[in-house]
Amino acid sequence: MPIITLTTDYGLKDHYIGTLKGAIYQELENVQIVDVTHKISPFNIIEAAYILKNSYASFPKGTVHIIDVDSELSVDNKHTAFHLDDHYFVCPDNGIISLITNDIKPKKIVEINLHKRLEANTTAQQIFVKTACHISRGGSLDIVGNSLREFKHLQQIQPHVNDARNKIVGSVIYIDNYGNVISNISKKLFQEVGKGRPFELQIRKFTFNRVYKNYNDIVNYTLPKAKRQDDGRRLLLFNSANYLEIALYRSNLTTVGGASTLLGLDYQEPVTINFL
Amino acid sequence: MPIITLTTDYGLKDHYIGTLKGAIYQELENVQIVDVTHKISPFNIIEAAYILKNSYASFPKGTVHIIDVDSELSVDNKHTAFHLDDHYFVCPDNGIISLITNDIKPKKIVEINLHKRLEANTTAQQIFVKTACHISRGGSLDIVGNSLREFKHLQQIQPHVNDARNKIVGSVIYIDNYGNVISNISKKLFQEVGKGRPFELQIRKFTFNRVYKNYNDIVNYTLPKAKRQDDGRRLLLFNSANYLEIALYRSNLTTVGGASTLLGLDYQEPVTINFL
Amino acid sequence: MPIITLTTDYGLKDHYIGTLKGAIYQELENVQIVDVTHKISPFNIIEAAYILKNSYASFPKGTVHIIDVDSELSVDNKHTAFHLDDHYFVCPDNGIISLITNDIKPKKIVEINLHKRLEANTTAQQIFVKTACHISRGGSLDIVGNSLREFKHLQQIQPHVNDARNKIVGSVIYIDNYGNVISNISKKLFQEVGKGRPFELQIRKFTFNRVYKNYNDIVNYTLPKAKRQDDGRRLLLFNSANYLEIALYRSNLTTVGGASTLLGLDYQEPVTINFL
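Being a predicted model, the structure only gives us computed values, none of them experimental.

Colleague: Residues and numbers for the overall build of chain A, please.
Modeller: Counting its regular elements, chain A contains seven helices and 16 strands. Referenced to the eigenvectors of the C-alpha coordinate spread, the extents of chain A come out at roughly 65 × 45 × 30 Å. Split into buried and exposed, the 276 residues of chain A put 57% on the buried side. A sequence separation of at least 24 residues applies to 67% of the contacts in chain A between residues at least 6 apart. For chain A, the computed accessible surface area is about 12200 Å², with 48% contributed by carbon and sulfur atoms. Side-chain charges in chain A split into 31 positive and 28 negative, and the spacing between the mean points of these groups amounts to 8 Å.

Colleague: Account for the sheet that holds strand 5 (residues 87-92) of chain C, naming residues and giving values.
Modeller: Residue and element names in this part refer to chain C. Pairing is mixed across the open sheet formed by seven strands, whose spatial order is 2-1-3-5-4-6-7. In the strand order of this sheet, the two ends are held by strand 2 (32-37) and strand 7 (145-147), each with one partner. Strand-to-strand twist in this sheet, taken as the mean axis angle between neighbours without regard to direction, amounts to 25 degrees. Of the strand pairs in this sheet, strand 6 (residues 108-112) and strand 7 are connected by three bridges, and their pairing is antiparallel. Among the inter-strand pairings, Val-110 is bridged to a residue of strand 7, identified as Ser-147.

Colleague: Give me the lowdown on the interface of chain B and chain C, citing residues and values where you can.
Modeller: Each side of the interface is counted separately: chain B has 30 residues, and chain C has 33 residues. Together, the buried faces of chain B and chain C total about 2800 Å²; carbon and sulfur atoms form 49% of this surface. Seen at the junction of chain B and chain C, the total is four salt bridges. Residues Asp-76 of chain B and Lys-225 of chain C are paired through a salt bridge, measuring 4.0 Å at the closest nitrogen-oxygen approach. For the pair chain B and chain C, the interface holds 21 residue pairs in polar contact (both at pLDDT 80 or more).

Colleague: Hey, could you go over the interface of chain C and chain A for me, with residue numbers and the actual values?
Modeller: Contact residues are listed per partner, giving 30 residues for chain C and 34 residues for chain A. Buried area between chain C and chain A, summed over both chains or domains, comes out near 2800 Å², and the portion from carbon and sulfur atoms is 49%. Considering only the surface of chain C that becomes buried against chain A, Lys-13, His-15 and Glu-72 of chain C emerge as the three largest contributors, covering 24% of it. If you look at where chain C meets chain A, you find four salt bridges. The residue Lys-13 of chain C makes a salt bridge to Glu-47 of chain A at a minimum N-O spacing of 3.0 Å. Our count for the contact surface shared by chain C and chain A stands at 21 residue pairs in polar contact (both at pLDDT 80 or more). Of the residues in the side of chain C that touches chain A, the class split is eleven nonpolar, ten polar and nine charged.

Scoring rules and cut-offs
Residues numbered from 1 in each chain as written. Chains lettered and ligands numbered in written order. Predicted model: local features only at pLDDT ≥ 70, side-chain atom pairs only at ≥ 80, totals over all residues. Heavy atoms only, no water. Helix = DSSP H or I, 4+ residues; strand = E, 2+ residues; numbered from the N terminus. Buried < 20%, exposed > 50% of the residue type's maximum accessible area, 1.4 Å probe, protein only. Contact = heavy atoms within 4.5 Å. Areas by Shrake-Rupley, 256 points an atom, 1.4 Å probe, with all protein chains shown as cover. Lys, Arg positive; Asp, Glu negative; His and termini not counted. Charge placed at Lys NZ, Arg CZ, Asp CG, Glu CD. Pairing = 2+ DSSP bridges. Axes fitted to C-alpha atoms, helices over the stretch in contact; angles between N-to-C directions. Buried area = accessible area lost by both parts, 1.4 Å probe. Salt bridge = Lys/Arg side-chain N within 4 Å of Asp/Glu carboxyl O. Polar contact = N/O pair within 3.5 Å; in protein donor to acceptor, adjacent residues only side chain to side chain. Nonpolar A, V, L, I, M, F, W, Y, C, P; charged D, E, K, R; others polar.

Rendered as structure tokens:
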């Protein structure tokens, strides 16, 4: 059964999810529709890209991913479909694909021109549904649009390494449901620059100098459970996407707080590592 | 595969969604269950009606829509099933159907009487599931209830047009995820009364005198992108459901705010158009 | 088609739902994935247990329930799979099963040892997916782990009955989407201790001395609808899970408030019944 995933900024209350899913079932009787998320901050393609970058490859090859964020058609914003890494992405050409992957070249890109064949008031959502269902039926991208050679690239803020190569200045790219702070410093960069040297990461009054492998590596298991006081302890680790993450052990944003609230870290704030 | 959609005020945490979906799968092995929304404000049938009114027709004919909002059985509140516009609605007879559509007459209405054949403590949810699954299997409405000729009608607040026919006084019926404010003034009424005349819509200190076609019609594309300052600009348009909407371009309730917060507009507040 | 349900503390925005569902579809083409909830408070296995306890049995026999809450592998926290009450649970051995049911003995328990056969950085989520899909394909628990005789038990706070057997001191175990307050006092205990005697339940300045059968039993239907003032009236009833619940008729946490806010009741606060 074909799979179509949905990543939008609709929220979970309005009628937009209903119209989207209904329209897909109108086109395809047998399809698995999967909500990746509808809680993208309005128009925030950076968030949408972060979430898809870390989840799309988990789906079977051939999966079609609809990204309906900031998709109103304009002279600046085409509707596009990408065949990339054996997946399909149906999305606006607003740079989001360049944020999902910079390394993998698309096998095929088309500018969707279905709207020229449909009624004038056809919405972006309807265009995306028609395109995604066409692909899910095994249809060719050439039927729904004209080949594009180029697509919009956005520069993601990359970590900066100083000339002496003993400092990485990265920044916060995402704060997750637990309040954990994810930076743009990859394990690869950290290891290439650090070469195993000791380091310090200073945030507010706190110093980190060790990267843990698991959250619970910080737990003192020699103490009996009732005497342990590890909840809320600060730690660094590389998350499942291999980015440096600043976490609190068993954090909870609504009770004890998370790393983001306790360390006062917001999106885009600097995260600096000094190798010693 | 039959489709059953769900519109409830359960929220997304309690066990009610699990019991509902589990019960459906007990009855039907092959079924597509679609969440329209579970975020209706508790007991708010006006919201539930607004969301279904704008989404039900997107689904294939024959779809069964369960609406579990304010559904406790009482002398005032029957359980009903409607065959309407080639769709089925399983819901309380609390007026919600009259808010979804006033124009289309139901082909068939039954008062569900399954509870008389089931255990005393059978919940409204279980009754709705039994009914929806019966319909999904192709069963007749007559099996689950007795024909009803009448159903409860609620008067929705309609826009008022003055005698001179140069003024429409409508009101806010919904505020969406982006903070956009949707009024009950339809494009049809606006055009019938306005007959192409210029108009003014005054809200707080702001005057609107133009209806845009798309959100980005407000963008000054002659400027280079970096110099544009269109985010947050106010505009009027007819939304995809053809109701007059007061919007901010690329609004975000949690950052810059939306039309609802910046203009201080709440549900049911008046929206007045003066034709000049 | 096999059913796999998901109960997690991921929230609804991060990429974790996408990676989880994608991984399941990689393993199984035909499967119904059902979100029970992703809104468990971080690491709160008591909440997760309450929600599953009240919903799992609604699903068909053979359903596989993944519970990914507090699941990081440690010397303290094994990964386990349970065959229990004709359902399967794939979850950490952190006591959650003992909170879901204390009465029903598991037919089979295994400590999952798949991680020993997979790459070192395999996540708990991936282990749970592999296990759940194996079971969904009809595979034996013995293939994914070693039999366990014991599993972790957590003591849930039980209501206390005094020696004179005229008083039950229970506590709040959950507050639902409507602000209704659910206690750990079961209908069975209430009836066994009370033996039909009158009672008083005092909360703040309010006294309850009657258990209603339905929410709307509190409504005065002899008055015409426009004159009724029942919304927000306080009442006791046994909820669908047969626990004593303190409710407000048609409460709404975001407008008039619910029982939890108006009575100032929080999780774990005492609820005392005096029989007269």
